[in-house]
Amino acid sequence: MTETNSETYHPAALEPAMQALWSSARLHRAERGTGESYYCLSMFPYPSGRLHMGHMRNYTICDVMSRFQLMQGRRVLQPMGWDAFGLPAENAAMANGVPPAEWTRSNIAHMRGQLKSLGFAIDWDREIATCNADYYRWNQWFFLRLLERGIAYQKTGTVNWDPVDQTVLANEQVVDGRGWRTGALVEKREIPMYYLRITDYAQELLDSLAQLDGWPERVKAMQANWIGRSEGAEIAFACADQVIRVFTTRPDTLMGATFMAVAAEHPLARRAAESNPDLAEFIRECQQGGVSEADIATQEKRGMDTGLKAIHPLTGDELPVWIANYVLMGYGEGAIMAVPAHDERDFEFALKYDLPIRQVISLPDGQVYDDRHWHEAYAAKDGELVNSGNYTGLSCSDGFAAIVGDLEAKGAGQARVQFRLRDWGISRQRYWGCPIPIIHCKACGAVPVPEQDLPVRLPEDLVPDGSGNPLNRCEAFLNVPCPKCGQPARRETDTMDTFVDSSWYFLRYTCPDNDQAMVDERTSEWMPVDQYVGGIEHAILHLLYARFWTKLMRDEGLIDIDEPFRRLLTQGMVLAETYYREDAAGRRTWFNPSEVEVRRDAKGGVDSAVLIADGEPVTPGGVEKMAKSKNNGVDPQALVDQYGADTVRLFSMFAAPPEQSLEWSDAGVEGAWRFLRRLWSGVHRHVAGGLPRSALDAQALGDPGRELRRVLHETIAKVSDDYARRLTFNTAIAAVMECCNRLARFEPSDDNDRALVQECWTSLVRLIAPVTPHVAEALWRKLGGAESVFEAGWPGVDESALARQTVTMVVQVNGKVRGRIEVVPGSAREEVEAQARAEDNVARFIDSKTVRKVIVVPDKLVNIVVG
RNA sequence: GCCGGGGUGGCGGAACUGGUAGACGCGCCGGACUCAAAAUCCGGUUCUGGCAACAGAGUGCGGGUUCGAUUCCCGCCCCCGGCACCA
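Remember, predicted model here, so these are calculated numbers, not experimental data.

Side note on the sheet that holds strand β21 (residues 479-481)
The strand order β20-β19-β22-β21 describes an open sheet built from four strands, whose pairing is antiparallel. Each of the sheet's edge strands pairs with one partner strand only, and the pair in question is β20 (445-448) and β21. If you compare each strand with its neighbour and ignore which way they point, the axes differ by 45° on average. Relative to strand β22 (residues 488-491), β21 runs antiparallel, the two sharing three bridges. Residue pairing in the sheet places P481 in a bridge with P488 of β22.

Structure representation (structure tokens):
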């Protein structure tokens, strides 16, 4: 243990030594210990090649919580694995010609090594990778059960189609409506896909948000809005020999409907286009551009009259039927009744195409309806019905009920609940994913692969080239006899959405070695996850799918929980300053912060920034998320090599609370490094004087000692609360630093004082141990600890140490601070007031004025109101 | 466009339940040590005025409630995350 005896701090030698110690004591194995279980989970990484700062931050947060719980005596499971399927591996294959399997596996090997060097208390025996058949076979197995239950089904869906590469594009591969590689205008295409009926679970997914006390309110709000439950009515409008069904949340405004609008993909639109080339052309135009909601919502509203007329179910009036690009086929019925007077989108459309606007809801007193300009109030539901025949005079809610009642009586409508949530399309026209276990037979149709033939293995030697899924050209994969009739048949070549992989990996960590079952009895021992940690960018999709999948597995009788994650912490992003130079054509070259030197003015403000290489200025481009495109990524490995893992961990926990974005600063890392060096030398100086001979007698301490001990125990109380309840590791670290600063100023005068210093160091080392485990382990042993600091227990608060002789109270006059007084805690109001008024500066401000009121907040503040 | 979040010194942030705005760290300024530098240590550091005591202003902008507002309410501006095939 020479590493711990060195007088100066050398993390490069120390950290591997401490890691070896933990490893041989099997400290990270989840099975060890007898305490209550604690499952602490990070969102598993996509193996992109190197660990980036976002990973580093995520896993440090999780490790701090795991180690804190370990020190509380709990049996901790902190696993790690790889979200190993997905698009980047295919892109890398196109760039380098390396098969995605090879690229992915070598990335995993490298990143595993990086994670190990950071000293995370991970149980590596449970590592999983979703690209391994022993994992994804259970995707396939469960998919077949869902197919049997009717939860999985086939229908057509809309995708982005690149007409040049003849391939389906992901939304991120569509840039300004064009394919990223070819630049061709992207088209929408309808293709058959497999879907999961998440809408069957919409109500439950919404209702059970209420039991997720440990989730941030904002995430629950985002999920609730995403599910988007709305109560309204389904209304049928006759149109020639057809019926147009619409869903509306405002049946009370039915008397204000002046036209109908259908999506370009609506069957009625297609029929109308058959005999009208202009309409067909318009539909073709609507088919251009991307499929993403943001694209559709921001495009200019456009429409065309079909010439068809729908019949208003109550008045019998004829309403023109338009095709409109703001009506979505995927929501409701793909058609709407337009009430331009009371819906902003319909209003805008009516103005543009000069369609009638008919006000049917009254406005607040004095307001007159202006049919040229939209006002928020037009969409309100607190007026009463006007211009509405029999319904005139009713409130909106009474009108809602009366109109729905009449529609029901006529068989033309009914009340209905509609969700914004759509069924989950899981088919991807890509190679690097889990094969969908289906065989297409000319005679028998889509036939599920029999269970005994699972897994359907993905061939690992293919290299995508950008022109569609290479599985389509892989005869060895494609050709297979039909399981039903034995005739030659063809495998499905679509693979599963990677969100399928990430929807249950946390269950598999509990039993990764089971090759007979997806999950087993160990799963219920650990689940639900006690603490889940991951990026806020996953607040909706991943977390919703994981909740859904958990309910599916529950309903298959595989697990017995309703919700997978008890507590959720959504960490913020890691940002860094950007620097660039612009050439004559306006093209920007981005420089990494490590290549730039910042010059400061006399006050410490940024004066200029220059490129170290040539000394010429660069332009600061603002603080942005670390990304390749802005070349502002800071490599954690370089910093770990320079300062050691503990310093990097300390700074990333200190610079911001976990939920907020974190701005990276190399200068800040220096500060963390200095603190650890001070901690190291402080303990060594204390131990060099010999450990104290006798136990601490707190009663015998002098005033400075008693004061220090009060600060220590206040610190223990605060830090414990910060770790356990507030999850603000930045303030916990600040409190430890503050206490260390106090301790450094304390001069022990006898052996009892030295016993106090011993109490301080042994406490502080344990308080910081979750954040900087290697340093803490070494110092703990230096201070005489026989076992690991993580087995040493957590320091307790001595309530008697917290008592104060006096407290400082602030004295305000009319809310402005004018002085301070020292009082005995719990002093009576009158006494405090008298003392406050006697204070010189306070008396000056009261002067001859009349005291109107005196507010006393015990032991804190006095406010004297004069006038 | 829709949903969610954020804005506090030169910088990252703190102020937990409406009660001292700026803890802790960085940077900067001054000092000690040194032949010198680095490292380290000590002191100062919201802005304006003042030698100082102290005073005035101040938490994105504009208003409001309150003895008292970074915190609560109303209206705006800017930045960030998500929008169903990036993960």
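Read on, since the account is not over.
Thoughts on the packing of aromatic side chains
Under the definition given, this model contains 36 aromatic pairs. Judged by centre distance (5.7 Å) and plane angle (45°), the ring pair of F85 and Y136 falls under tilted. In this pair, F85 is assigned in the loop between β3 (81-82) and α4 (87-96) and Y136 in helix α6 (residues 133-149), connecting sequence segments 51 residues apart. The same class applies to F85 and to Y136, which are both buried. The interplanar angle of 75° and the centroid separation of 5.6 Å between the aromatic rings of Y505 and Y509 together place this pair among those described as edge-to-face. A residue is classified by how much of its surface remains accessible, and Y505, at 0% relative accessible area, is buried. Classification of Y509 by relative accessible area gives buried; the value is 1%. Cluster of aromatic residues (ring-pair linked, three or more members): F142, Y201, W424, F499, Y545, F548 and W549. The positively charged end of R67 is found above the aromatic ring belonging to W22, 4.5 Å away from the centroid. One cation-aromatic arrangement involves R75 over W526; the distance from NZ or CZ to the ring centre is 4.9 Å.

A short note on the packing of helix α20 (residues 645-654) against helix α21 (residues 666-688)
One can describe the packing of α20 onto α21 by two numbers: an axis separation of 8 Å at closest approach and a directional angle of 120°. When the axis of α20 is compared with that of α21, the two are oblique. Pair α20 / α21 crosses with right-handed handedness. Every residue of α21 that contacts α20 at D646, T647, L650 and F651 is listed here: G668, V669, A672, W673, F675 and L676.

Quick word on the pairing of strand β5 (residues 152-162)
Successive residues of a regular strand alternate their side chains across the two faces of the sheet. Pairing of β5 with strand β9 (residues 187-196), which is carried by ten bridges, proceeds in the antiparallel orientation. Counted as the bridge partner of T158 is E190 from β9. Here β5 runs beside strand β6 (residues 167-169); their pairing, made up of three bridges, is antiparallel. Bridge pairing links D162 to T167 in β6.

Here we look at unusual backbone geometry
Of note, the bond from L454 into P455 is cis; its omega dihedral lies within 30 degrees of zero at 0°. Locating P455 in the fold gives a position in the loop between β20 and α14 (475-478). A cis amide bond links M527 with the next residue in sequence, P528, at an omega value of -5°. The topology assignment puts P528 in the loop between α17 (521-526) and β24 (529-535). Not every positive phi belongs to a glycine, and D354 is a case in point at roughly 55°. By the element assignment, D354 lies in the loop between α12 (344-353) and α13 (396-410). Phi is positive for N814, close to 50°, though the residue is something other than glycine. Along the chain, the position of N814 falls in the loop between β32 (807-813) and β33 (816-823).

What about the pattern of salt bridges?
Tallying each qualifying case throughout the model produces 54 salt bridges. For R29, the salt bridge is made with E31, and the minimal N-O distance between the two is 3.0 Å. Overall, the relative accessible area of 22% leaves R29 in the partly exposed class. Owing to a relative accessible area of 43%, E31 belongs among the partly exposed residues under this scheme. As a salt-bridge pair, D530 and R566 come within 2.9 Å of each other at their nearest N and O atoms. Residue D530 is located in strand β24, and its partner R566 is located in strand β25 (residues 565-571); the two are separated by 36 residues in the primary sequence. The class for D530 is buried, based on a relative accessible area of 10%.

So, the domain arrangement of chain A
Annotation of chain A at the domain level lists domain 1 (33-130 + 504-571), domain 2 (140-197 + 428-498), domain 3 (229-419), domain 4 (574-625), domain 5 (662-802) and domain 6 (807-866). Taking only C-alpha atoms into account, the centre of domain 2 sits 58 Å from that of domain 5.

Some words on the UniProt feature "domain: Aminoacyl-tRNA synthetase class Ia" (unreviewed entry) in chain A
The UniProt feature table records "domain: Aminoacyl-tRNA synthetase class Ia" (unreviewed entry) at residues 421-577. Secondary structure across residues 421-577 comprises 21% helix and 25% strand; the distance between its end C-alpha atoms is 38 Å.

About the cut-offs
- Residues numbered from 1 in each chain as written.
- Chains lettered and ligands numbered in written order.
- Predicted model: local features only at pLDDT ≥ 70, side-chain atom pairs only at ≥ 80, totals over all residues.
- Heavy atoms only, no water.
- Pairing = 2+ DSSP bridges.
- Helix = DSSP H or I, 4+ residues; strand = E, 2+ residues; numbered from the N terminus.
- Axes fitted to C-alpha atoms, helices over the stretch in contact; angles between N-to-C directions.
- Phe/Tyr/Trp six-rings, centres within 6.5 Å; stacked < 30°, edge-to-face > 60°.
- Buried < 20%, exposed > 50% of the residue type's maximum accessible area, 1.4 Å probe, protein only.
- Lys NZ or Arg CZ within 6 Å of the ring centre and 35° of its normal.
- Parallel < 35°, antiparallel > 145°, perpendicular 65-115°, else oblique.
- Left-handed = near helix turned anticlockwise from the far one by under 90°.
- Contact = heavy atoms within 4.5 Å.
- Salt bridge = Lys/Arg side-chain N within 4 Å of Asp/Glu carboxyl O.
- Domains from an automatic or database assignment.
- UniProt positions renumbered as here; feature names shortened; annotations may be inferred.

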